[in-house]
Structures are given as structure tokens and as C-alpha cells.
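Commentary on secondary and tertiary structure
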Amino acid sequence: KTVMIILWLCTLMCAVLWATGVPLPFEPEPITVILGLVSAALTGLVSEYADALEKEEYSVSYALAYGYVINFLEPVITAILKQTPPGERPTFYIYIPERLQELEPKSIDRTLARLRERNMITQSVNLDLAEGRVRDVLTISMEKNHVYFDFPTTLLTLTSFIAYKSDSKKNSFGEDEKIKLGKAFIEKFKETVSTMLAERSLSGYVSFIGKELVF
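Residues numbered from 1 in each chain as written. Predicted model: local features only at pLDDT ≥ 70, side-chain atom pairs only at ≥ 80, totals over all residues. Heavy atoms only, no water.

1. So, unusual backbone geometry
Rules: For helices the rule is a DSSP run of H or I covering at least 4 residues; for strands it is a run of E covering at least 2, with both sets numbered from the N terminus onward.
Although it is not a glycine, Asn119 sits at a positive phi angle of roughly 65 degrees. Relative to the assigned elements, Asn119 resides in the loop between helix 4 (105–117) and strand 2 (121–128). One non-glycine residue with positive phi stands out, namely Leu213, at about 55 degrees. For Leu213, the location among the structural elements is in the segment after strand 5 (206–209).

Printed below as a string of C-alpha cells:
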């Protein structure tokens, strides 16, 4: 990127000098054209490399999101819709953490305890899926209404992946960097889930929620 910036600055300087007619020890026109072509080519290469690097970096998040939607979210929402009475619209909340530790069993227990402190009733219900499997889904009852709720614990897979990257000699980094990387992976997971839900016309039934637990 530094080389790219220098090339563009040189191109701009040559173009300005050429346009103003300042005498130079070399012919400015061919130099300006060559620098412009090289700068444009390098810019394209950097952009393409950055996109490829980002896809590679967050491929784990994409894979987890794909499995979560295809193997869990889509069949579960379909089963819920089949048993929902006419005129009603179910809502499925997905808990998106700020840190991966929020999805550990003890942390989930504390989150559920906070819900019960607000006079909300939490319980699991069994759903018979079309594939012949039975899934336990959490429901949260609030006065006369209830919503479906899930902690995407599949994201905990990222904990070991980040630890692996951290232990690498070339990529060794501290706790702050681990937290920052974890947040980036979580955000990519959320983006991919949102995209896949939109493609399947399921976005209207799903909402994301954080630790503030604002329904």
C-alpha cells in the first residue's frame, strides 16, 4: 500500500508539471502515462488481494453461519410456522454476544437468570422437524406473549481457532487482540446469517439481540 501511495503521488506530480509546462530533464508525457498505468494495475491487485485475504480470514465464520442456518435455523423456523395459528407471526431471537465467553454454559445460565428476574418464564419445547429429528428450542414467555430464543453456541468453535492463531509464532498476539478478532468473527457470522435468511425469505421472523436483552 505504501508503494501504491508513492506511485500515485509521483503520477500526480508528473501530471501537474506536465500540465503547467514546467521544464524537466525528461519527457513528462510518457512517464506520466506509464506511472498511471502501473498505479492503476497495482491498485487493482491490492484490492483483489485484500478481498481474497478477507474471505480466507473469515472462512470459519462463513462455514459456521452456513451450518447454523441450514442445519438448525431454517428447519426449526419452518416447523414453528407449521404449528403457528393463523393470523399470528412467530418471532425467533438469536443472541449475538460481544465476546465468545458469553456463550459458555455458565454464562448462558446467568443470562437466563437475568430473564427470570424480569418475570420472564424460560422453558424448552420439543419440535418435530420434517427430517424426522426432534429439536429442543428455548421459549421465553412475557405476559401473554412468548418468543423463541437461541444461543448460537456453534460460535464457541471460534475459541479454539483463535487460540490456534494466537499460538502461531508469526501471529502471536495478546488478549486484547484475541477479543478484537473474536468480535470480527462474530460480526461476520451475523452478516452471513442475515444474508442467508434474506435469501430464504425468513428475515421477517428473526431478530438479533445482545446482552442488554431488549426484546
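After presenting the structure, the write-up continues.
2. So, helix 4
We apply this condition: Expected span of a helix, by definition, is 1.5 Å for each gap between consecutive residues, and there is one gap fewer than residues. A simple rule labels every residue: compare its accessible area, found with a 1.4 Å probe on the protein chains alone, to the largest value its type can have, and call it buried under 20%, exposed over 50%, or partly exposed in between. Read the arc as the range of directions from the helix axis to the C-beta atoms. Contact between two residues is taken to exist if any of their heavy atoms lie within 4.5 Å; hydrogens are not considered.
For helix 4, which comprises 13 residues, the first-to-last C-alpha distance of 19 Å matches the rise-based estimate of 18 Å (1.5 Å per residue) to within 8%. Within helix 4 the residues assigned to the buried category are Ser107, Ile108, Thr111, Leu112 and Leu115. Along the long axis of helix 4, the arc covered by the buried residues comes to 140 degrees, so they all point the same way. More than 90 degrees from the buried face of helix 4, the exposed residues found are Lys106, Arg110 and Glu117. In this structure, the buried side of helix 4 is in contact with strand 1 (92–95), strand 2 and strand 3 (134–142). Asn119 occupies a position one or two residues after helix 4 and carries a positive phi of about 65 degrees.

3. Focus: the packing of aromatic side chains
Definition in use: Any two rings among Phe, Tyr and Trp, with Trp reduced to its six-membered ring, count as a pair given centres within 6.5 Å; such a pair is stacked if its planes are under 30 degrees apart, edge-to-face if over 60, and tilted if neither.
With the rule as written, the count across this model stands at eight aromatic pairs. Ring centres of Phe72 and Phe92 lie 6.3 Å apart, and the angle between their planes is 70 degrees; on these two criteria the pair is classed as edge-to-face. Pair noted here: Phe72 is in helix 3 (residues 59–83) and Phe92 is in strand 1, with a separation of 20 residues, a long-range link. The same class applies to Phe72 and to Phe92, which are both buried. On the basis of an interplanar angle of 50 degrees and a centroid distance of 6.1 Å, the ring pair of Phe149 and Phe215 is categorised as tilted. Residue Phe149 is found in strand 4 (residues 145–150), and its partner Phe215 is found in the segment after strand 5; the two are separated by 66 residues along the sequence. Judged by its relative accessible area of 29%, Phe215 is partly exposed.

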